[in-house]
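Read off the chains here:
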Amino acid sequence: MAQAGLRVTTIFRQVSAARSLVNPAFGWQVCRHMSDEVKKAQAAANTKKLQHTIFDKILDKSIPADVVYEDEKCMAFRDVAPQAPTHILVIPKKRIPMLSDASDDDAALLGHLLIASKNIAIKEKLDRGYRIVINNGVEGSQSVYHLHIHILGGRQMQWPPG
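So, here is what we can say about the structure in this document. Keep in mind that this is a model prediction, so the values were computed, not measured.

Criteria and thresholds
- Residues numbered from 1 in each chain as written.
- Predicted model: local features only at pLDDT ≥ 70, side-chain atom pairs only at ≥ 80, totals over all residues.
- Heavy atoms only, no water.
- Salt bridge = Lys/Arg side-chain N within 4 Å of Asp/Glu carboxyl O.
- Helix = DSSP H or I, 4+ residues; strand = E, 2+ residues; numbered from the N terminus.
- Buried < 20%, exposed > 50% of the residue type's maximum accessible area, 1.4 Å probe, protein only.
- Pairing = 2+ DSSP bridges.
- Axes fitted to C-alpha atoms, helices over the stretch in contact; angles between N-to-C directions.
- Core = buried A, V, L, I, M, F, W, Y, C linked by side-chain atoms within 4.5 Å.
- Contact = heavy atoms within 4.5 Å.

Regarding the pattern of salt bridges
The final tally for this structure, using the stated rule, is 6 salt bridges. Between D66 and R78 there is a salt bridge; the shortest N-O distance is 3.4 Å. Taken together, the residues span a long stretch of sequence, with D66 in the loop between α3 (54-59) and β1 (67-70) and R78 in strand β2 (residues 74-78) at a distance of 12 residues. Using a relative accessible area of 44% as the deciding quantity, one classes D66 as partly exposed. A salt bridge links E70 to K93; its shortest N-O distance comes to 2.9 Å. Of this pair, E70 sits in strand β1 while K93 sits in the loop between β3 (86-92) and α4 (107-123), placing them 23 residues apart in sequence.

So this is what it looks like as structure tokens:
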């Protein structure tokens, strides 16, 4: 019996070392959620560039959002499924499905998105720090194929991510 317990403990440590089951800061629930996000990303990959996304509907205001910032180039709003006390999405008004689809001509827009993200973080009083995330493609767990930046803050972030 003790030998079986040792074997389970060893397997658990190997799996944990691979970061595939346990995040010590959040436990099992976050890992289950991460798995859900991977499933969403895999499902979305099949329709990524052809269909309008929920973000298009937020931009045209046919779906409401808690908008925290908007200018002629971008819009920012609170995520409906936040992963941190502050979780805001910044999207360009120009539809770019994913970062790898951006062209050199989009450089100024991409820089604008980052500066807008910084200014939003200041407005949100994230003076102790925040994380900027861009998911790209199915293996990056991108579940909405309209380029977007996540601003995550209000708690200590863990490393390594994902």
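Side note on the sheet that holds β1
The strands making up a sheet associate through backbone hydrogen bonding, with each pair oriented either parallel or antiparallel. On the basis of which strands lie adjacent, the open sheet formed by 5 strands has the order β1-β2-β3-β5-β4 and antiparallel pairing. Two strands lie at the open edges of the sheet, namely β1 and β4 (130-133), each paired on one side alone. When the angles between neighbouring strand axes are averaged without regard to direction, this sheet yields 20 degrees. Where β4 meets strand β5 (residues 149-153), 4 bridges bridge the pair, whose relative direction is antiparallel. Considered in β5, the bridge of R131 is made with L152.

A look at the environment of R128
By the element assignment, R128 lies in the loop between α4 and β4. You can call R128 exposed: its relative accessible area is 85%. For the pair R128 and Q156, spaced 28 residues apart in the sequence, the C-alpha separation amounts to 9.0 Å.

A word on the nonpolar core
Among the nonpolar cores identified, the biggest contains 15 residues, and A76, I88, V90, L113, I120 and I151 are the most heavily contacted of them. Going through the elements one at a time, β2, β3, α4 and β5 are the ones with two or more residues in this core. Among the elements that line this core, the one with the most residues is α4, at 5 residues. If we skip the residues at most four places from it in the chain, I151 touches T86, H87, I88, V90, S117, I120, L126, Y130, R131 and I132.

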